[in-house]
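One letter stands for each residue in the lines below.
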Amino acid sequence: MRYNLFSSAFKLLSSNKSNRLFLINERSLSSASLSDDTSSNHAKLPPPSQKSAKNIKSDDQQRSLHIAVIGLPNVGKSTFINNIINHRVCPTSAKVHTTRKSNTAICTTGQTQLVFYDTPGLVTQREIKKHHLEQSFKSSYRHAIQHADIIAVMQDVSNSWTRKELHPTVLDTLKAYANIPSFLVLNKIDALKSKRVLLDLIKTLTNDTLSGQLAGKGATRGLAGAATDQVAEGIPLNKLQTTWDHFDNVFLVSAITGNGLNELQNYLIGQAVPRQWRFASDIHTDASPEALIVESVRARLLDYLPQEIPYNLKCELEYYSLEKYVVYTSVQVQCPTERIERLICGESNGKLRQITERVTSDLVEMFGQAVSLTISTVSKDKKSTSADRI
């Protein structure tokens, strides 16, 4: 079915005087509410009421869907996953490269299990060297995609410099795995006041096309025809191509407020296939508590320390124990110099205390029980240790 994606969306938007946004797929344009309330940091997602008849043979049949979430660094992938499963499992920060390896997050609702793979931001070799990233950084997202049924491509619409085109690393990934269905998630819509900008972005990033069906007037050839012309002219594809013609759907969401997440979750449940669950229904992640603790400390160090300093720190778990519903744990932060250690601790250990309190709050939310946390620091050029305990 062919239609003009942009003009159809604009007509619907123009006829609706209330403040609403639209969920767009290859079959219809259906309204999805955009709330003005941005005070809540967690999406409350009730069990979806709609089911996909084609995927259900009986009410008691288990179904599942594995989703790889990819995108550039800091587009909100981890926050999106935490809120769509309504449980904190992916550490987040305001800096790039908080996620350094693929994390698995699980949401089980009814007879359907959604398994999300939170991947590191797509990077170049230069960025790996700049931020002291592991070489396995680039292979993590490939591994996640290979185990996924569908790919979610996340784009930050609040960044005016990058929002109008898909990055070459994203496009190269989509081309490499063109056999896997994909959909586009436009995140951080709460930062945009202009609805027209959102509609223009949808048209631009999808080339006014969904699922390979060209929508613009006079368009007679798809991606393959355009690619042939570019190759014939000797122009590298990723120098010109900034759009992807084969997204099945486009979703407008705000991961931090939860707007649009219900509709997206319903869509994913509808795509689930009959299959035995991989995880128990009460499991939210396959990561160990010890790994989650270390990653949570590292994420808050990124928030509290300036520039490249936190990327040069090493966090190690010293102790972990669960006793009478209380988590007792200790993490040591290894600093390259005594000066950086003093910077982390602050005057009278004030900054270290703030970091410890913030991480403790994160862990209480993550584990759902009391946490006693100690964070200590040690410098390589001086065998001294500072510590703060909550």
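If you're wondering where the values come from, they're calculated on a predicted model, not measured in any experiment.

A.B. asks: Just give me the short version of the environment of C315, but keep the residues and values in it.
C.D. replies: Within the fold, C315 resides in strand β12 (residues 314-323). Sequence-wise, C315 and I375 are 60 residues apart; in three dimensions their C-alpha atoms are separated by 9.6 Å.

A.B. asks: Describe in detail the packing of helix α2 (residues 77-84) against helix α9 (residues 261-271), supporting the description with residues and values.
C.D. replies: It is the contact of α2 with α9, at a shortest axis distance of 11 Å, that shows an interaxial angle of 80 degrees. With respect to α9, the element α2 is oriented roughly perpendicular. Contacts between α2 and α9 involve F80, N83 and I84 from the first element and L261, L264 and Q265 from the second. For the contact of α2 with α9, the per-class residue count stands at 4 nonpolar, 2 polar and no charged.

A.B. asks: Kindly report on the packing of aromatic side chains, identifying the contributing residues and their values.
C.D. replies: Counting across every chain of the model gives 4 aromatic pairs. On the basis of an interplanar angle of 80 degrees and a centroid distance of 5.6 Å, the ring pair of F183 and F251 is categorised as edge-to-face. One end of the pair, F183, is in strand β7 (residues 182-187); the other, F251, is in strand β10 (residues 249-252), and 68 residues separate them in sequence. Of the two residues examined, F183 and F251, each falls in the buried class. A centroid spacing of 5.0 Å and a plane angle of 50 degrees characterise the contact between F251 and Y267, whose relative ring orientation is tilted. One end of the pair, F251, is in strand β10; the other, Y267, is in helix α9, with 16 residues separating them in the sequence.

A.B. asks: Tell me about the nonpolar core, and name the residues and values.
C.D. replies: In this structure, I67, F80, F116, F183, L264 and L268 are the most contacted members of the largest nonpolar core, which totals 63 residues. Leave out the neighbours within four places in its chain, and F80 touches V69, M154, A255, L261 and L264. Judged by nonpolar contacts, the second largest core, of 24 residues, contains V297, L301, I344 and L363.

A.B. asks: Which residues make up the pattern of salt bridges, and what values do they have?
C.D. replies: The full count for this structure, using the stated rule, is 9 salt bridges. Notably, a salt bridge pairs D156 with K188, separated by 3.3 Å at the nearest N-O pair. Of this pair, D156 sits in strand β6 (residues 150-156) while K188 sits in the loop between β7 and α6 (195-205), placing them 32 residues apart in sequence. The exposure class assigned to K188 is partly exposed, which follows from its relative accessible area of 24%. With a shortest N-O distance of 3.4 Å, K314 and E316 are connected by a salt bridge. Looking at K314, the relative accessible area reads 45%, which means it is partly exposed. Counted as one network, the salt bridges with shared partners bring together R88, R300, D303 and D362.

Cut-offs and rules
Residues numbered from 1 in each chain as written. Predicted model: local features only at pLDDT ≥ 70, side-chain atom pairs only at ≥ 80, totals over all residues. Heavy atoms only, no water. Helix = DSSP H or I, 4+ residues; strand = E, 2+ residues; numbered from the N terminus. Axes fitted to C-alpha atoms, helices over the stretch in contact; angles between N-to-C directions. Parallel < 35°, antiparallel > 145°, perpendicular 65-115°, else oblique. Contact = heavy atoms within 4.5 Å. Nonpolar A, V, L, I, M, F, W, Y, C, P; charged D, E, K, R; others polar. Phe/Tyr/Trp six-rings, centres within 6.5 Å; stacked < 30°, edge-to-face > 60°. Buried < 20%, exposed > 50% of the residue type's maximum accessible area, 1.4 Å probe, protein only. Core = buried A, V, L, I, M, F, W, Y, C linked by side-chain atoms within 4.5 Å. Salt bridge = Lys/Arg side-chain N within 4 Å of Asp/Glu carboxyl O.

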